[in-house]
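# A structural walkthrough
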Amino acid sequence: MRVSAQNNMENSVELKKSKKRRDRKRTLVAYSFIAPNFIGFAVFTLIPIICAFALGFVKWDGNNPIKFVGLENFKRLAGDSMFWASLKNTLIYCIGTVPLTMIASLGLASILNQKIVAKGVFRTVAFFPYVASLVAITAVWAMLFHPSKGPVNAILYYIFHMKNLPNWFGGNLILVTLILFSVWKYMGYYMVIYLAGLQGISAELYEAASLDGAGSWQKFRYVTWPQLRPTTFFVVVMLTINCFKVYDIAIMLAGGGDGRLGTSSTVLVYYIYQKAFVEWDLGYSSAIAMVLFVIVLIITVIQFKGNAKYENS
Amino acid sequence: MVKKKTSMHRNQVVKKVLIYVLLIVITAIMLVPFLWMLSASIKTNAEVFKVTPFQFIPDQPQWSNYRDIWTKIPLSKFIGNTVYLSVVVTILQMLTSSFAAYAFAKLQFKYRDGLFLAYIATIAMPWQVYMVPQFIMMRGMGLNNKLLAMICLQAFSAFGVFMMKQFYEGIPDSLCEAARIDGMSEYMIYARIMLPLSKPALSTLIIFTFVNTWNDYLGPLIYLKSESKKTIQLGLKMFIGQYAADYGLIMAGSIITLIPVLIVFLALQKYFVEGVASTGIKG
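Residue numbers run consecutively from 1 along every chain, following the written order of its sequence. Chain A is the first chain written and ligand 1 is the first ligand written, with later ones labelled in order. In keeping with the predicted nature of the model, local features appear solely for residues at pLDDT of at least 70, side-chain atom pairs appear and are counted solely at 80 or more, and the whole-chain, interface and lining totals rest on all residues.

This next bit is on the overall build of chain B. We count a stretch as a helix when DSSP gives it H or I for four or more residues in a row; a strand needs E for two or more, and each element gets its number in order from the N terminus. Within chain B, the regular secondary structure consists of 14 helices and zero strands. Ordered by position in the sequence, the α and β elements of chain B form the string α-α-α-α-α-α-α-α-α-α-α-α-α-α. Within these notes, the globule rule equals 2.2 Å times the number of residues to the 0.38 power, and the radius of gyration is based on C-alpha atoms. In terms of overall size, chain B is more extended than a compact globule, its C-alpha atoms giving a radius of gyration of 25 Å where 283 residues would be expected to give roughly 19 Å. Judged by the C-alpha coordinates and their principal axes, chain B covers about 80 × 70 × 35 Å. Exposure is read from a count of other C-beta atoms within 10 Å of each residue's own; the residue is exposed at 12 or fewer, buried at 20 or more and partly exposed in between. C-beta atoms are placed from the backbone. Per-residue burial for chain B yields a buried fraction of 45% across its 283 residues. Within chain B, contacts between residues at least 6 apart in sequence are counted, and of these 80% link residues at least 24 apart. Two residues form a contact once the distance between their C-beta atoms, set from the backbone, is within 7 Å.

Here it is, written out as structure tokens:
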């Protein structure tokens, strides 16, 4: 009796040990799956992110000793007119691009989600601008919208008899050109996302709406739109974040030969780049980067909160 | 009754026609810049802006534009660098992301949720926020002006892991359980069961990674300084800066840079919408 109890105990200890060993082995296996990506991710993304926060509070040119300056960089921002111009332009660009792209991509996706001949062709073509390289495609836009020689202004002149032809790449109009270009380039991408969302809506909902006598608009208003809410949420968040990151479009459409941007077309990322890699004012450029980060964070949080509130109600 | 039916029918037809007209207009807007590029690439500078009358193919097509661009700039070097970067980054990204995503989706282990949160938190963080410290760090590692820097930069994205994890979560756990009972190791389950099932997600990831790496501008601009290291985007931009008025050549160069991404996209696009739908990047 006693012997068997002892045996049992030994067995259970043995069992526990082997379970522990199995758990440890399982964890090791899991880590081996993660390690290749995580090591690269930690070294090249996580560490720089942590450093980015610290860099905003120092003065450093990349070579000489680092000097801690507290909030000095942020105080400098307040009186920097070029910074405010960058922020203003970026905001205007976002306010124009986000709703227009959303509406265009949703509209196109709704059309392509119907029974249409050769819809695959339309879908593929709408995606072309997204995959096309920016350098190549902005070169074409520069030709098409050329103030004196381009076909767009030729149409305005010969067909609409416009006398004062617009300069699409100068003054305040450059932001409009940037917005138009972004909508054109990125609507195909968001269209695919909306298309995926539309395909997830059950056909029964539409049948039920039809039985209730709903027309196309009512179906859109009462079935499609509410059902697409998570998709729209995702699209708006991604669009906003991507708009704040705008850099290369501005450089290529507004930069001219030397790639410099003036007050009417400068954007936040351009200013970060300029301060860091041209002037080597690393602390100050990181302070601007922090502003970019905080704005993106606030927008994301607001949109998350709004979405959660809507879903609860 | 009959009359009402025909009028309803007519309405349907009108609606269909309107939809097609709208679609064709949108498609035209999407395509015109590309057609213009194609046409301008075989024109002389005197011809490129001529719209009255517009000739899609000029009387004397300047095929020489496609020959000259290779000697005006070291285009083959640029293309070689870009192909190398895009292929290596895409392969690394695919392997490491799908590998890590399998563990996050199908395995239980310590700190799983915490580690995944680190990934999620960085997705919303624009790269531009930390590009400066990243550059300083890479420079410290001696990677400045090396193609390897671009690989390190782009091969381990959080986005890939997130996307693949979303997709794997849609695959039933019972499939893995059954395989485990049959004595398959986790590595075998990943290679034999998960990978073959993830064609749509992998195709989507390949399209995104390849297109982004191929078209990246700011990254190479910061890291690749010497001409022999430049990518096609930097090279083409440099050419535009130097020969701003050589429209025919610029367009020929542009067409050449577009071809590889279009091939990758067209080859994989049949999986694409399915991939977007199943990986939950729709949200």
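Next up on the list: the overall build of chain A. Looking only at helices and strands, chain A has 13 helices and two strands in total. Compactness check: chain A gives a C-alpha radius of gyration of 28 Å against a globular reference of 20 Å for 313 residues, more than 25% above the reference. Across its three principal directions, the C-alpha atoms of chain A cover 110 × 75 × 35 Å. The 313 residues of chain A split such that 37% are buried. Across chain A, contacts joining residues at least 24 apart in sequence account for 68% of those joining residues at least 6 apart.

Our focus in this paragraph is the interface of chain A and chain B. By a frequent convention, interface size equals the accessible area lost on bringing the separate parts together. Facing 74 residues of chain A, the contacting portion of chain B comprises 72 residues. By residue number, the principal contributor to the side of chain A that touches chain B is helix 1 (residues 2–55) of chain A, which donates 20 residues. In this classification, Asp, Glu, Lys and Arg are treated as charged, Ala, Val, Leu, Ile, Met, Phe, Trp, Tyr, Cys and Pro as nonpolar, and every other residue, Gly included, as polar. Looking at side-chain class alone, the side of chain A that touches chain B contains 55 nonpolar, 15 polar and four charged residues.

On to the domain arrangement of chain B, then. Each domain's limits were defined by an automated method or a database of domain assignments. Per the domain assignment, the segments making up chain B are domain 1 (2–61) and domain 2 (66–278). On the side of domain 2 of chain B, eight residues touch domain 1 of chain B, which itself brings eight residues to the contact.

This part covers the nonpolar core. Across soluble globular proteins, you tend to see nonpolar side chains buried next to one another. A set of buried residues drawn from Ala, Val, Leu, Ile, Met, Phe, Trp, Tyr and Cys, joined through C-beta atoms within 7 Å, is what defines a nonpolar core. In terms of nonpolar packing, the biggest core is built from 163 residues, with Met191(A), Val192(A) and Ala250(A) touching the most fellow members. Ranked by residue count, the leading element in this core is helix 7 (residues 173–199) of chain A, at 17 residues.

One non-glycine residue, Ala118(A), lies in positive phi territory at about 60°. One can find Ala118(A) in the loop between helix 3 (81–112) and helix 4 (119–131). Of the residues examined, Ala118(A) has 9 C-beta atoms within 10 Å and is grouped as exposed. With a phi close to 65°, Tyr111(B) is a non-glycine residue in the positive phi region. Residue position: Tyr111(B) is located in the loop between helix 3 (75–106) and helix 4 (112–123).

Glancing now at the confidence of the model for chain B. Residues and elements named next belong to chain B. Put simply, chain B has an average pLDDT of 87, and 95% of its residues get 70 or more. Across the chain, each position has a pLDDT score giving the predictor's confidence in that residue, from 0 to 100. Looking over chain B, one finds the lowest element-wise mean pLDDT in helix 14 (residues 272–278), namely 71, and the highest in helix 3, namely 94. Interface confidence in the predicted complex, given as ipTM, is 0.85; pTM for the same model is 0.87.

This part takes up the domain arrangement of chain A. Split into domains, chain A comes out as domain 1 (2–55) and domain 2 (75–312). The distance between the C-alpha centroids of domain 1 of chain A and domain 2 of chain A comes to 44 Å.

With that settled, the discussion passes to the confidence of the model for chain A. When pLDDT is averaged across chain A, the result is 87; 95% of the residues are at 70 or more. Model confidence for chain A, summarised as mean pLDDT per element, is weakest for helix 1 of chain A at 82 and strongest for helix 3 of chain A at 94.

In this section: helix 6 (residues 147–154) of chain B. Counting buried positions along helix 6 of chain B gives six out of eight residues, so the element sits mostly inside the fold. Those residues of helix 6 of chain B not exposed but buried are Ala149(B), Met150(B), Ile151(B), Cys152(B), Leu153(B) and Gln154(B).

Helix-helix packing is described using two parameters, namely the angle between the two axes and the distance between the axes. All names here are of chain A. Two elements in contact, helix 3 and helix 10 (residues 229–244), have axes separated by 9 Å at closest approach and are oriented at 150°. Crossing of helix 3 against helix 10: the hand is right-handed. On helix 10, the residues that touch Thr90, Tyr93, Cys94, Thr97, Val98, Thr101 and Met102 of helix 3 are Val235, Val236, Leu239, Thr240, Cys243 and Phe244. A breakdown of the residues in the contact of helix 3 with helix 10 according to their chemical character gives nine nonpolar, four polar and no charged. The convention used is that axes are lines fitted to C-alpha atoms, helices contributing only their stretch in contact, and that angles between N-to-C directions extend from 0 to 180 degrees. Left-handed describes a crossing whose near helix is turned anticlockwise from the far helix by less than a right angle; the clockwise case is right-handed.

Attention now moves to helix 4 of chain A. Taking 1.5 Å per residue as the helical rise, helix 4 of chain A with its 13 residues ought to reach 18 Å, and the 19 Å between its terminal C-alpha atoms agrees with that figure. For helix 4 of chain A, every residue scored as buried is listed here: Phe122(A), Arg123(A), Ala126(A), Phe127(A), Phe128(A), Pro129(A), Tyr130(A) and Val131(A). Multiplying one less than the number of residues by 1.5 Å gives the expected span of a helix.

Residue and element names in this part refer to chain A. Position of Cys94 relative to the elements: it lies in helix 3. A count of 21 C-beta atoms within 10 Å places Cys94 in the buried class. For Cys94 and Lys16, which are 78 residues apart along the polypeptide, the C-alpha to C-alpha distance reads 59 Å. Apart from the residues lying within four places of it in its own chain, the contact partners of Cys94 are Thr240, Cys243 and Phe244.

What follows deals with the environment of Thr213(B). Residues and elements named next belong to chain B. Assignment of secondary structure puts Thr213 in helix 10 (residues 199–215). Judged by local crowding, Thr213 falls into the buried class, with 25 C-beta atoms found within 10 Å. A C-alpha to C-alpha distance of 15 Å links Thr213 and Lys146, two positions 67 residues apart in sequence. Discounting residues that sit within four places of it in the chain, Thr213 has contacts with Leu85, Ser86, Val89, Thr90 and Gln154.

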